[in-house]
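Descriptive structure summary
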Amino acid sequence: MDHTFTAIISAIASFFVVTLILGAIILLCQHHKSSKTRNRTNPTPTRPRPSPNPNAASLSVVDASWSFDPDLKISMDELARATDNFSPHLIVGDGSFGLVYKARLSSGALVAVKKLSPDAFQGYREFTAEMETLSKLRHHNIVKILGYWAYGPERLLVYEFIEQGNLDQWLHEPSFINDDVSHRLPLSWETRVKIIRGVAHGLCYLHGLESPIIHRDIKASNVLLDNEFEAHIADFGLARRIDTSHSHVSTQLAGTFGYMPPEYRDGLTVVNKKVDVYSFGVLMVETVSGQRPNLPKKMGENDIGLVQWARKMKEQEGEVEMVDVNISREGLREESVKEYVRIACMCTGELQKERPEMPEVVRLLDSMPL
């Protein structure tokens, strides 16, 4: 009896094992058949469609090269060679969204090359603004564009090389290293006034265009100086045009701390000519005093801003005391300094309506005694 029961159980178990094996074989055959069918109907596997590039339209607009001078050939190979593959030792400035390099082209021309950061989305807009703005400007106090090169994320702007660096270096860096160690003599009173007059004339030109241009970033490092110490306004990456039918343009907050007007503190983003006038007034105070506008000034026991310090010094008739200690007092006329500080305080009025237009500023500076 026991032997018979065991035989029955073994037979049942064998049946189930054979059934499972046959089922597995059938499933494998069906899977192989369906795979062959899919391969016949779709021999090349489909790949996921890449997400559209939101910047594709803007990139296609500027994927090109252009030169103001037809004899000046601009290419990536040429600019890489001229800058020693963008070597750090050839960096001469740090503009908005990119570095500026000193470069000598194969033609022998000495130029400045601005290389924008490829990972900065704002850089695309900045490049287009600077390219379109500078290519149309013709004034001896505005830096001249020579050309540009662009491809994909790369953005390179080529403009004239201004020999003596920028005003910030002359005011705040007593020495610098180029091919060797050189020392800058402090700028004289007459030279500082000449520089300020040049910036004023450049701004007056920009504001007087049929579609006025607001620079929005007037500061010492954006004022380049040539061998005659003529000023050249540079870096138009934040510039905005004003349509002739409007007196202002609404945009996002922009500028450099210390130079931005007080209305920005209230969150106003309306940009007009008076924004540049204020920054210019700050630059005037910085140039006469040699003090950085982003650092507080000690007056008594209090720390105050540079503009507030200038106003208080004017109220106390201490204008001459504001003058940079590196400026020789020999031949320095008090009435000249007082008029200079008066104009600077006008330009830095707390309210926009208190500030003069740039043509008035130019008139006052040009008629100022030295």
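Calculation notes
Residues numbered from 1 in each chain as written. Predicted model: local features only at pLDDT ≥ 70, side-chain atom pairs only at ≥ 80, totals over all residues. Heavy atoms only, no water. Helix = DSSP H or I, 4+ residues; strand = E, 2+ residues; numbered from the N terminus. Buried < 20%, exposed > 50% of the residue type's maximum accessible area, 1.4 Å probe, protein only. Contact = heavy atoms within 4.5 Å. Axes fitted to C-alpha atoms, helices over the stretch in contact; angles between N-to-C directions. Parallel < 35°, antiparallel > 145°, perpendicular 65-115°, else oblique. Left-handed = near helix turned anticlockwise from the far one by under 90°. Nonpolar A, V, L, I, M, F, W, Y, C, P; charged D, E, K, R; others polar. Core = buried A, V, L, I, M, F, W, Y, C linked by side-chain atoms within 4.5 Å. Phe/Tyr/Trp six-rings, centres within 6.5 Å; stacked < 30°, edge-to-face > 60°. Lys NZ or Arg CZ within 6 Å of the ring centre and 35° of its normal. Expected span 1.5 Å × (residues − 1). Salt bridge = Lys/Arg side-chain N within 4 Å of Asp/Glu carboxyl O. pLDDT = per-residue confidence, 0-100. Arc of directions from axis to C-beta. Pairing = 2+ DSSP bridges. Disulfide = S-S within 2.5 Å.

Moving on, we get to the overall build of the chain. For the chain, the helix and strand inventory stands at eleven helices and 16 strands. For the chain, the proportion of its 370 residues judged to be buried stands at 45%. By sequence separation, contacts in the chain at least 24 residues apart represent 63% of the contacts at least 6 residues apart.

A few words on the packing of helix H8 (residues 306-315) against helix H10 (residues 334-347). Orientation of H8 relative to H10, taken along the N-to-C sense of each, is 135°, at an axis distance of 10 Å. When the axis of H8 is compared with that of H10, the two are oblique. The crossing of H8 and H10 is left-handed. Facing H8, whose interface residues are Ala310, Arg311 and Lys314, H10 presents Val341, Arg342 and Cys345. For the contact of H8 with H10, a count of residues per class yields three nonpolar, no polar and three charged.

Let us now look at the nonpolar core. With 70 residues, the main nonpolar core has Leu167, Trp189, Phe236, Phe280 and Tyr340 as its most contacted residues. Listed in part, the 16 residues of the second largest apolar core include Ile74, Leu79, Val111 and Leu146.

Moving on, we get to unusual backbone geometry. Here Asn85, not a glycine, exhibits a phi torsion of approximately 60°, which is positive. In this structure Asn85 comes out as exposed when scored by relative accessible area, which is 60%. In this structure, Phe229 takes a positive phi of about 60° despite not being glycine. Within the secondary structure, Phe229 is located in the loop between strand S10 (223-225) and strand S11 (231-233).

Attention now goes to the packing of aromatic side chains. All chains considered together, the criterion is met by three aromatic pairs. A ring pair is formed by Phe86 and Tyr101, whose centres lie 5.4 Å apart and whose planes are at 75°; its orientation type is edge-to-face. Of this pair, Phe86 sits in the loop between helix H3 (76-82) and strand S2 (91-95) while Tyr101 sits in strand S3 (residues 98-104), placing them 15 residues apart in sequence. Across the pair, Tyr101 and Phe86 agree in class, each one buried. Across the ring face of Phe86, the terminal group of Lys115 is positioned such that the distance to the ring centre comes to 5.3 Å. Its guanidinium or amino end placed over the ring of Trp309, Lys297 lies 4.5 Å from that ring's centre, counting from NZ or CZ.

To continue, consider helix H6 (residues 189-207). For H6, spanning 19 residues, the distance from its first C-alpha to its last is 27 Å, which sits close to the expected 27 Å at 1.5 Å a residue. Counting buried positions over the 19 residues of H6 gives 14, a clear majority of the element.

In total, this model carries 13 salt bridges according to the counting rule given. With its nearest N and O atoms 3.7 Å apart, the salt bridge here joins Glu78 to Arg81. Of this pair, Glu78 and Arg81 both sit in helix H3, three residues apart, which is roughly one turn of that helix. When its relative accessible area of 44% is taken as the criterion, Arg81 is described as partly exposed. With a closest N to O distance of 2.9 Å, Arg292 and Asp168 form a salt bridge. In this pair, Arg292 sits in the loop between helix H7 (273-289) and strand S15 (297-299) while Asp168 sits in helix H5 (residues 167-172), placing the two residues 124 residues apart along the sequence.

Their axes nearest at 9 Å, the elements H6 and helix H11 (residues 358-366) cross at an angle of 155°. The angle between H6 and H11 falls in the class roughly antiparallel. Helix-helix and strand crossings are classified by hand; for H6 and H11 the assignment is left-handed. Contacts between H6 and H11 involve Ile196, Arg197, Ala200, His201, Leu203, Cys204 and His207 on the former and, on the latter, Met358, Pro359, Val362, Leu365 and Asp366.

The next thing to look at is the confidence of the model for the chain. Detailed reading of predicted coordinates is not advised where the pLDDT is low. Here the chain averages 81 in pLDDT, while 72% of its residues score no lower than 70. Note on residues 35-62: pLDDT under 50 across the span, and twelve contacts to partners over four residues away in sequence or across chains. Long-range and interchain partners of residues 245-250, a stretch whose pLDDT sits below 50, account for 14 contacts in this model, where long-range means more than four residues apart.

Because an α-helix packs 3.6 residues into every turn, residues spaced three or four apart end up facing the same way. Of the positions making up H8, those classed as buried are Leu306, Val307, Trp309, Ala310 and Met313. When H8 is viewed along its axis, its buried side chains cluster within an angular range of 160° and face the same direction. Tucked inside the fold, the buried residues of H8 contact H7, S15, strand S16 (302-304), helix H9 (319-322) and H10. Following H8 by one or two positions, Glu317 adopts a phi angle in the positive range, close to 55°.

Glancing now at the pairing of strand S4 (residues 110-116). Burial analysis of S4 places six of its seven residues in the buried class, the great majority of the element. As judged from the seven bridges shared by S3 and S4, these two strands associate in the antiparallel manner. Pairing of Tyr101 across the sheet is with Val113, part of S4.

Between two cysteines, a covalent bond joining their sulfur atoms is known as a disulfide. Per the stated rule, a full pass over the model turns up zero disulfides. Between Cys345, a cysteine without a disulfide, and Cys347, which holds the nearest cysteine sulfur, the sulfur-to-sulfur distance is 9.3 Å. Of the residues examined, Cys345 reaches a relative accessible area of 13% and is grouped as buried.

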